[in-house]
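# Structural overview
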Amino acid sequence: MAFTNIFAYVITLMLYEWLQASSVDVSVTIPESRVDGVSMTTSSVNRGVPVSPSLGPSSYLSLSLMSAFPDDLEISDYCQEELHIFAQRYVSYVNCLVSFVRPVKVCQNCHIQFRNLEEIYANISSDQVGPANVSCRDTLLRSDRLMLVFVLFDNLLEIWKTSACDRCLTKELSSLSNDTLYYMATLNQSLSCFEKHQQQGNHSELCKECKTTYRSLNELYSRMEKNKTLCIDIEDSMNMTRRLWSKNFNCSFPREETVPVIAVSSFMLFLPIIFYLSSFLHSEQKKRKLIHPKRAKSSGGLTNVQDKYS
Amino acid sequence: MANVSKKVSWSSRDEDPAQGEGTPLLNGASAARYTRQFSGSGIFHIGRLSTVDLEEENVEEEGSILSRPKEIPHNEKLLSLKYESLDYDNSENQLFLEEERRMSYMGFRCLEISRWVVCGLIGFLTGLIACFIDIVVENLAGVKYHVVKQNIEKFTEVGGLSISLILWAVLNSAFVMVGSIIVAFFEPIAAGSGIPQIKCYLNGVKIPRVVRLKTLVVKVGGVICSVAGGLAVGKEGPMIHSGAVVAAGVSQGRSTSLKKDFKIFEYFRRDTEKRDFVSAGAAAGVSAAFGAPVGGVLFSLEEGASFWNQMLTWRIFFASMMSTFTLNFFLSIYHEKPGDLSSPGLINFGRFDSDSVEYNLYEIPLFICMGAIGGLLGALFNVLNYWLTIFRIRYIHRPCLQVMEAMLVAAVTATVSFAMIYFSNDCQPLGPDQSEEYPLQLFCADGEYNSMATAFFNTPERSVRSLFHNPPGTYNPLTLGVFTLSYFFLACWTYGLTVSAGVFIPSLLIGAAWGRLFGILLSAITSSGSIWADPGKYALIGAAAQLGGIVRMTLSLTVIMVEATGNVTYGLPIMLVLMTAKIVGDYFVGGLYDIHIKLQSVPFLDWEAPATSHSLTAREVMSSPVTCFNRIEKVGRIVDILSNTSTNHNGFPVVPRVNENNEPGRLCGLILRSQLIVLLKHKVFVERAHSRLKQRRLQLKDFRDAYPRFPPIQSIHVSQDERECMMDLTEFMNPTPYTVPQETSLPRVFKLFRALGLRHLVVIDSENRVVGLVTRKDLARYHLGRHGLEELQLAQT
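Described in the following lines is the structure provided in the data block. Predicted model only: the values in this text are computed from it and were never measured.

## Here we look at the overall build of chain B
Secondary structure summary: chain B contains 33 helices and 19 strands in total. When the 797 residues of chain B are sorted by exposure, 61% land in the buried category. Residue pairs at least 24 apart in sequence account for 78% of intrachain contacts in chain B once pairs closer than 6 positions are excluded. Summed over all atoms, the accessible surface of chain B reaches about 31300 Å², with 61% contributed by carbon and sulfur.

## Remarks on the overall build of chain A
Secondary structure assignment for chain A yields 14 helices and one strand. Across the 310 residues that make up chain A, the buried fraction comes to 38%. Across chain A, contacts joining residues at least 24 apart in sequence account for 66% of those joining residues at least 6 apart. Roughly 17900 Å² of accessible area belongs to chain A as shown, and the carbon and sulfur atoms make up 58% of that amount.

## A short note on helix α13 (residues 258-282) of chain A
Compared with the 36 Å implied by 1.5 Å per residue over 25 residues, the 36 Å span of α13(A) between its first and last C-alpha is a close match. Among the residues making up α13(A), those that are buried are A:V261, A:V264, A:S265, A:M268, A:P272, A:F275, A:Y276 and A:S279. Residues of α13(A) that are buried in the fold lie against α9 (161-186), α16 (364-395), α17 (399-423) and α20 (477-494) of chain B.

## As for the sheet that holds strand β16 (residues 770-775) of chain B
Residues and elements named next belong to chain B. In spatial order, the strands read β14-β15-β16; together these three strands make up an open sheet with mixed pairing. At either end of the open sheet lies a strand with only one pairing partner, and these are β14 (739-741) and β16. When the angles between neighbouring strand axes are averaged without regard to direction, this sheet yields 30°. Across three bridges, β14 lies against strand β15 (residues 760-764) in parallel orientation. Its bridge partner lying in β15, T739 is registered against V762. Packing of helix α32 (residues 746-756) onto the sheet brings it into contact with β14, β15 and β16, and relative to β15 it is tilted by some 145°.

## Notes on the state of the cysteines
Residue and element names in this part refer to chain A. Enumeration according to the criterion identifies four disulfides over all chains in this entry. With a sulfur-sulfur separation of 1.9 Å, C96 is cross-linked through a disulfide to C110. Note on the C96 and C110 pair: the S-S dihedral is about -90°, so by sign convention the disulfide is left-handed. Here C96 is found in helix α5 (residues 77-99), whereas its partner C110 is found in helix α6 (residues 106-125), with 14 residues between them in sequence. Each sulfur of the disulfide joining C168 and C231 lies 1.8 Å from the other.

## Considering unusual backbone geometry
In this model, A:R102 is joined to A:P103 through a cis peptide bond whose omega is -20°. Among the secondary structure elements, A:P103 is positioned in the loop between α5 and α6. Of note in the backbone geometry, A:A164 takes a positive phi value of approximately 55° without being a glycine. By secondary structure assignment, the location of A:A164 is in the loop between α8 (148-163) and α9 (178-198). Positive phi, normally seen in glycine, also occurs at B:K263, with a value near 55°. Within the secondary structure, B:K263 is located in the loop between β6 (260-261) and α13 (271-290).

## Brief notes about the packing of α20(B) against helix α21 (residues 504-525) of chain B
Residue and element names in this part refer to chain B. Relative orientation of the contacting elements α20 and α21 amounts to 155°, with a least axis distance of 9 Å. Classified by the interaxial angle, the pair formed by α20 and α21 is roughly antiparallel. The way α20 lies across α21 gives a crossing that is left-handed. On α21, the residues touching P477, L480, G481, F483, T484, Y487, F488 and A491 of α20 are P506, L509, I510, A513, W514, R516, L517 and I520. When its residues are assigned to classes, the contact of α20 with α21 shows 13 nonpolar, two polar and one charged.

## A look at the pattern of salt bridges
All names here are of chain B. What the rule picks out here adds up to 30 salt bridges over all chains. A salt bridge links D87 to R759, with the nearest nitrogen and oxygen atoms 2.9 Å apart. Taken together, the residues span a long stretch of sequence, with D87 in the loop between β3 (84-85) and α7 (94-102) and R759 in the loop between α32 and β15 at a distance of 672 residues. Residue class for D87 comes out buried when judged on its relative accessible area of 19%. Taken together, the shared-partner salt bridges connect E112, R115, R270, E273 and R315 into one network.

## Thoughts on the packing of aromatic side chains
Going through the model one piece at a time under the given rule, you end up with 40 aromatic pairs over all chains. Ring centres of B:F325 and B:F329 lie 6.0 Å apart, and the angle between their planes is 15°; on these two criteria the pair is classed as stacked. Of the two residues, B:F325 and B:F329 both sit in helix α15 (residues 310-334), four residues apart, roughly one turn of that helix. For B:F325, a relative accessible area of 43% gives the class partly exposed. Among the aromatic side chains, those forming a connected cluster through ring pairs are A:F275, A:Y276, A:F280, B:F391, B:Y395 and B:W493. A cation over a ring is seen here: B:K144 above B:Y145, with NZ or CZ 4.5 Å from the ring centre. Across the ring face of B:W607, the terminal group of B:R754 is positioned such that the distance to the ring centre comes to 4.6 Å.

## Considering the sheet that holds strand β9 (residues 629-630) of chain B
Residue and element names in this part refer to chain B. Pairing is mixed in the open sheet, where three strands are placed in the order β9-β11-β12. One side of each edge strand has no neighbouring strand; the edge strands of this open sheet are β9 and β12 (669-672). Pairing geometry for strand β11 (residues 651-655) and β12, over four bridges, is antiparallel. What sits directly across from G651, in β12, is L672. Along the sheet, helix α28 (residues 673-682) makes contact with β9, β11 and β12, crossing β12 at roughly 70°.

## Points about the pairing of β16(B)
On a regular strand, one side chain projects to one face of the sheet and the next to the other, so that they alternate. Residue and element names in this part refer to chain B. Most of β16 is tucked away, with five of its six residues classed as buried. Note: β15 against β16, five bridges, orientation antiparallel. The residue of β16 that forms the bridge with V763 is G772. Joining the antiparallel neighbours β15 and β16 is a turn of five residues, in which N768 adopts a positive phi near 60°.

## Focus on a nonpolar patch on the surface
On the surface, A:F270, A:I273, A:I274, A:L277, A:F280 and A:L281 cluster together to form a nonpolar patch covering roughly 610 Å² of accessible area. Topologically, A:L281 is positioned in helix α13.

## Structural notes on the packing of helix α12 (residues 236-250) of chain B against α13(B)
The angle between the axes and the distance between the axes are what describe a pair of packed helices. All names here are of chain B. Closest axis-to-axis distance for the α12/α13 pair is 7 Å, and the angle between their directions is 145°. In this structure, α12 crosses over α13, and the sense of that crossing is right-handed. Across the interface between the two elements, E236, M239, I240, G243, A244, A247 and A248 of α12 pack against K274, F277, V278, G281, A282, G285, V286, A288, A289 and F290 of α13. Tallied by class, residues from the contact of α12 with α13 come to twelve nonpolar, three polar and two charged.

## Some details on the side chain of B:T580
Along the chain, B:T580 turns up in helix α24 (residues 571-588). Setting aside its immediate chain neighbours within four residues, B:T580 contacts B:I368, B:G371 and B:A372.

## Some thoughts on empty space enclosed by the protein
Residue and element names in this part refer to chain B. Following the criterion strictly, the structure yields eleven cavities of 30 Å³ or more and no others. Of the volumes computed, that of the second largest cavity is approximately 130 Å³. If you trace the second largest cavity, you find 18 residues lining it, with Y145, G230, S417, F456 and N458 closest to the centre. Elements with a contribution of two residues or more to the lining of the second largest cavity: α8 (105-158), α9, α17, α18 (451-456) and α19 (460-469). Tallying contributions element by element places α17 first for the lining of the second largest cavity, with three residues. Broken down by class, the residue content of the lining of the second largest cavity amounts to ten nonpolar, seven polar and one charged.

The rules behind these values
Residues numbered from 1 in each chain as written. Chains lettered and ligands numbered in written order. Predicted model: local features only at pLDDT ≥ 70, side-chain atom pairs only at ≥ 80, totals over all residues. Heavy atoms only, no water. Helix = DSSP H or I, 4+ residues; strand = E, 2+ residues; numbered from the N terminus. Buried < 20%, exposed > 50% of the residue type's maximum accessible area, 1.4 Å probe, protein only. Contact = heavy atoms within 4.5 Å. Areas by Shrake-Rupley, 256 points an atom, 1.4 Å probe, with all protein chains shown as cover. Expected span 1.5 Å × (residues − 1). Pairing = 2+ DSSP bridges. Axes fitted to C-alpha atoms, helices over the stretch in contact; angles between N-to-C directions. Disulfide = S-S within 2.5 Å. Parallel < 35°, antiparallel > 145°, perpendicular 65-115°, else oblique. Left-handed = near helix turned anticlockwise from the far one by under 90°. Nonpolar A, V, L, I, M, F, W, Y, C, P; charged D, E, K, R; others polar. Salt bridge = Lys/Arg side-chain N within 4 Å of Asp/Glu carboxyl O. Phe/Tyr/Trp six-rings, centres within 6.5 Å; stacked < 30°, edge-to-face > 60°. Lys NZ or Arg CZ within 6 Å of the ring centre and 35° of its normal. Patch = residues over 30% accessible without salt bridge, like charges linked within 9 Å, V, L, I, M, F, W, Y side chains within 5 Å. 1 Å grid on protein atoms, 1.4 Å probe; cavity = no way out; pocket = protein on both sides within 12 Å on 5 of 7 lines; lining within 4 Å. Points joined across faces, edges and corners; volume = space filled by probe spheres on them.

This is the structure we're talking about:
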């Protein structure tokens, strides 16, 4: 039922625009029909039929039957307004997200958009009554199976949660937190160091020179990890830096002391062999004393048999 | 050769020819019967094969064989004298009848209720112990790995990683040394997983000191040390033993070790009741270890099933449930999620996602194939461990050597692990969920960790879980292959050390590793295979196959695995795999626990008598002549017989009058050593009957108070005057002991013994005269070998 309701609403909107474009006198009747109800609407559409001969009469009729509902089921202007704002902010947030996909900078750049979107959604979903004495929550959010507005927002919310942007921002999502800014500064230090030495083309030099800044960056990162102040931007930038450091510049530790490790290992492995050999040679073997049970009669019988067969 | 061996095995005849000739009638009769009944080959084998192991000895000391007691190296074909049966059979003497008469209807109801209370307590305490072990192990291992990890990190940078290796080895050895010392020097029975011992106990064998408080303490301490010491062991097997000890202790309402008597549950102080509770305790242990209450009950039934009934099963289930619940509840508090009851058991296989649990018809042959591999590997494991254990029993029997061996194994385990990690090139990116507790970077790029370290640098339980659940691609095949190989030998080497530790987890780990390898290879060879060959699923199946191949448990293991996985969907594949593994493995060698039971020379009774033993009769099986007592016996004679260390009998048939020439008398009852000792202690002599009337009459309670550690006869002082007194046994003996005629076949005797849990079975002739006595050792010595019926020898161990 809820689904058909929205469907009808959309069709009504389409009709409205079309009629507005096509003829003046019909456009006058449409608002009237919306006030008067179904019977009026039907008549108004009937009146519109001659205006557009291109549409087949029968199909037109079936559409028109669903095209409008009594006023109390229809969406109010206020809600429509809200919906419109929602759509705009939605688009701007998604645009922002897409433009900062790689390298990930969605938290630093899109938090304003998200805050706005969240604000309008909160408006829509609140049960406070708007100026026209209507609440949009029921009409927009849960009138139908699709729950389009809710699902759309929920998807973005999920993205926001996964990226953990909250952790890098101040409480009211207005700006980056101090920790994040400090991290950015440290990161830039490292990167500029990289850049400086990279031009010389000598990576071993780079490894030596930038080690302190890189290390302090790493330490800061693990501190933030412990404090749970990491968001996707920071994680991604750290990952990139680490990859740069280990893979591109090859600054991770080399496997150098193979010989001592092998020596110590083989010594350890040798110990049990000595142990088992020595205990085999020196320890006296444990012997078991056999006991002969009292079984005089039957054993006599057995040996007799054995004598016969052996 | 046959001639020599014959003399060895039946030298009693040669030593004492008069005895043999003294009963010409019986002798002739049995011989005649043999020639009539058989082709002779079966019996020929008995004589010949029981002495095969003596051959080398014979060559060396041909001349002196008969002159002194025979000594042979330890082997599996021996029965030790130190094990006795439990008195499962109730002695219905007059005292018992009196007590039963006195007891009201309410009394019986109260007993029933207190049985439930005891079971609840058993479950509760077992759960608490499991919880304690878990928490302590987690913390100790945490500290150890933290220290080693920091050290490794430090030395990766500045060089000198061999120092980290030594540090790790020393830490491991130190933990294991503590664990091994307490086991080797204080309570050797606490070594190993304890499952063989509990199996024997439930089978009806009284293993000395196996259910004492001291054993429990040593066991718990030992497990903590050995798991924290990084050995290839688990803490699940010992939980079963711990549960059994708790049960034996709680049900008695007192601790003999602590000399504390709570004066409760006095009715349960006898073997019959205690054994029922021990089976409940074992079930509670299983259920705490694996979070498998039903599996625990089935384990108890599988191991001790000859004596169960519906009510007992229900009580056992109650105990299991209590223990899982307790463990769960307290662990949830420890993990700061109080009330969250969804993580039962010490080992937690974790949740399997619903899309990875699916399996299809075409995977069934693969599962069966994996079962066969598991059976083969399990058999290999058991054979290797068998030889190792024999070597250990023969050569490494001094406690200090045992401690040294355990420390060496710990050090080598650390070394092997370190070398594996060091030379591994398998680096994986850190996951977002931080599933690795102690990620080691070593030479990997920043932000990555060494994937070999997840398998080695971790407690085995966690390794199992990561093998089950880490997403595909976490391990590369080479890592898994090397890991499987090295861990297989480490685990095989470790089991049987003088530390308390179980074999469940190592088996699961080996199996999970090659199972996962199997899964990875499978998806590699099938182009579109990545969809269905989820490596975690194959890891689980491999773990089940390996465990089944090693321990060869059947129904209970299936249920335990299903319950631990928390997924009934896997019931069919796991069952198929376990069946295949058992069939394949049994073709080569028995289960690990059975091997160890045999090596400990325990008179363990199987389900059935050996198949080809119908021709043996009670007459050949029984011990004879029997030491009997008169109904009214002289105290001096009783004391003399009881203190004769060479015989050390436990049950004595009571006859009206023993003839002078040892002619067998008519049977009128059976009295046990323990009863006689209590009677002597209380000086229940005929001459004192008058003074005793003023005192209290002896009650069944007095016998129970002495249970289970009846004082040795040496500690009871009997004066010269008292030796001349007489003792009336009528009131105390069991007037209706089970008897069989002497022509009864061995399987019949066996069945009676096994089904009723007997300790003594009197063999009588047609005139109800005592001819012999069958005990557990007389029956357990026959078993079916590859060459027909073989006979085990009795030995002092």
